[in-house]
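Structural overview for review
Each chain, written out:
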Amino acid sequence: MNKTIAVIRGDGIGPEIVNEAIKVLDVIAEKHGHNFTYVDADMGGCAIDKYGDPLPRHELDKCLAADSVLLGAVGGPKWDSVAGNMRPEKGLLRIRAGMGVYSNNRPAKIWPQLAKASPLKPEIVEKGIDFIIVRELIGGIYFGEHKTYEQGEKISEDVMKYSESEIERIGRIGFETARKRRKKLCSVEKSNVLDTSRLWKAVMHRLAEEYPDVELSDMLVDNCAMQIVKNPAQFDVIVTENMFGDILSDEASMITGSIGMIPSSSLGATSNGLYEPIHGSAPDIAGKDIANPIGTILSAAMMLRYSFDMPKEADEIENAVGKVLSEGYRTADIMSAEEGLKPAKCSEMGGLICRAIKN
Ligand code: NAD
């Protein structure tokens, strides 16, 4: 199969982790007779430096023309003083909106090999952690009007807005995802305070009538944040709005061992998806060759599964990651005091996973 992949390396550790994912994609292409063509696109701080814009139209167009997009991460202290609408992270919001990818899918699954890296008590981890957060990605407060003005003092406003149709389309993804798993959907909101949440809850319950095989429950976001650390085994699929999903999915990543392990897919109405690890550009470790590239490598596997319909190839990558972890290789973030563990640099991890795919 011939596929064009737009590659956004971005800032900080972005280029290091994306390089490892490309090594793995190349091995898969060679093994299965595929032809992946990579088109580099600039976004984030590096695009600000080059073009004065975190995502110029011509770079977005490269992403829209590709079959899918692989993204490292953007942002960093160098651009912290840049004006709000020109910050590196604006590139992220613009690419999500430009591609129309309204559904972000973030698995929180513990690899048994990393059980000891979880900060949770062993008796909680033993019950299993395997859930997915389906996060609405192009609506809500991140996309509402933002303004700061003077009225004797500075006042800031950020508008949170959701329409029924926006909630319905992400709700359907939640129900469909649950249908393919353990058929339990937890809708997370803040309906005791927010109007948008009351609308969210009403739409979810209306949709539930179309999915009688899926068990729907409601949870307030503050309770959900507690339940994720107290009893994560209760969750199968969580569906929630943009900001709540952003926060909960970072929390969920921590309980599985490291934020560096978690991939994500963002999809809309077409098969052209955006695939990226859930972490940021980690400026504190950039250039040190110690970042964990597995979240990016697993994002590439998700791309093969969801955008290119290559489930076998995706399985091979995921199995190879498991094998390398079982062999004891660990980047610094997932290293523990267990006996027999072998430190691996970022630039080594991709090669180890490639070797496991070949064998
Ligand atoms: P971060 O996710 O970059 O880092 C949080 C912590 O996790 C840091 O200690 C970092 O070293 C560690 N970490 C992250 N990824 C890792 C990996 N692959 N391997 C090992 N350790 C890893 O979050 P932050 O520090 O809040 O943000 C840094 C920058 O990234 C900011 O400019 C922020 O706006 C941006 N950001 C970008 C994205 C994105 O591109 N999708 C997402 C979140 C934050």
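Please refer to the structure higher up on the page.
Right, let's walk through the structure included here. Since the structure is predicted, the reported quantities are computational estimates derived from the model, not experimental observations. (Residues numbered from 1 in each chain as written. Predicted model: local features only at pLDDT ≥ 70, side-chain atom pairs only at ≥ 80, totals over all residues. Heavy atoms only, no water.)

**Section: unusual backbone geometry**
Although it is not a glycine, Lys183 sits at a positive phi angle of roughly 65°. On the secondary structure map, Lys183 appears in the loop between helix H6 (164-179) and strand S8 (184-189). Located in the positive-phi region is Ala282, a residue other than glycine, with phi close to 40°. In this structure, Ala282 sits in the loop between strand S12 (274-275) and helix H10 (294-306). (Helix = DSSP H or I, 4+ residues; strand = E, 2+ residues; numbered from the N terminus.)

**Comments concerning the side chain of Arg106**
Assignment of secondary structure puts Arg106 in strand S4 (residues 103-109). One buried charge, Arg106, has no salt-bridge partner; the nearest side chain with opposite charge is Asp250, at 4.0 Å. One polar contact links Arg106 to Asn104, side chain to side chain, over a distance of 2.7 Å. Aside from chain neighbours lying at most four places away, what touches Arg106 is Phe131, Ile132, Ile133, Arg135, Asp246, Ser249, Asp250, Pro263, Ser264 and Ile278. (Buried < 20%, exposed > 50% of the residue type's maximum accessible area, 1.4 Å probe, protein only. Lys, Arg positive; Asp, Glu negative; His and termini not counted. Salt bridge = Lys/Arg side-chain N within 4 Å of Asp/Glu carboxyl O. Polar contact = N/O pair within 3.5 Å; in protein donor to acceptor, adjacent residues only side chain to side chain. Contact = heavy atoms within 4.5 Å.)

**Here's the deal with the nonpolar core**
Among the nonpolar cores identified, the biggest contains 41 residues, and Phe36, Leu70, Leu304 and Ile353 are the most heavily contacted of them. Counting residues per element, the ones that place at least two in this core are strand S1 (2-10), helix H1 (14-32), H10, helix H11 (311-326) and helix H12 (346-358). With residues near it in sequence (within four places) discarded, Ile353 still touches Val24, Ile294, Ile297, Ala320, Val321 and Val324. (Core = buried A, V, L, I, M, F, W, Y, C linked by side-chain atoms within 4.5 Å.)

**Here we look at the sheet that holds strand S10 (residues 237-240)**
Read across the open sheet, the 10 strands follow the order S2-S1-S3-S12-S11-S4-S5-S10-S8-S9; overall the sheet is mixed. The open sheet has two edge strands with one neighbour each: strand S2 (35-40) and strand S9 (215-220). Taken together, the 7 bridges between S4 and strand S5 (residues 130-136) define a ladder with antiparallel strand orientation. The residue of S5 that forms the bridge with Ala108 is Phe131. Packed onto the sheet, H6 meets S4, S5, S8, S9 and S10 and runs at close to 165° relative to S5. Its contacts with the sheet put helix H9 (residues 242-255) on S4, S5, S8 and S10, and the angle it makes with S5 is roughly 155°. (Pairing = 2+ DSSP bridges. Axes fitted to C-alpha atoms, helices over the stretch in contact; angles between N-to-C directions.)

**Details of the packing of helix H3 (residues 57-65) against helix H4 (residues 88-99)**
Running from N to C, H3 and H4 cross one another at 45°; their axes reach a closest spacing of 10 Å. The pairing of H3 with H4 is recorded here as oblique in orientation. Seen from above, H3 lies across H4 with right-handed handedness. Of the residues in H4, those touching H3 at Leu60, Cys63 and Leu64 are Ile95, Gly98 and Met99. Broken down by class, the residue content of the contact of H3 with H4 amounts to 5 nonpolar, 1 polar and no charged. (Parallel < 35°, antiparallel > 145°, perpendicular 65-115°, else oblique. Left-handed = near helix turned anticlockwise from the far one by under 90°. Nonpolar A, V, L, I, M, F, W, Y, C, P; charged D, E, K, R; others polar.)

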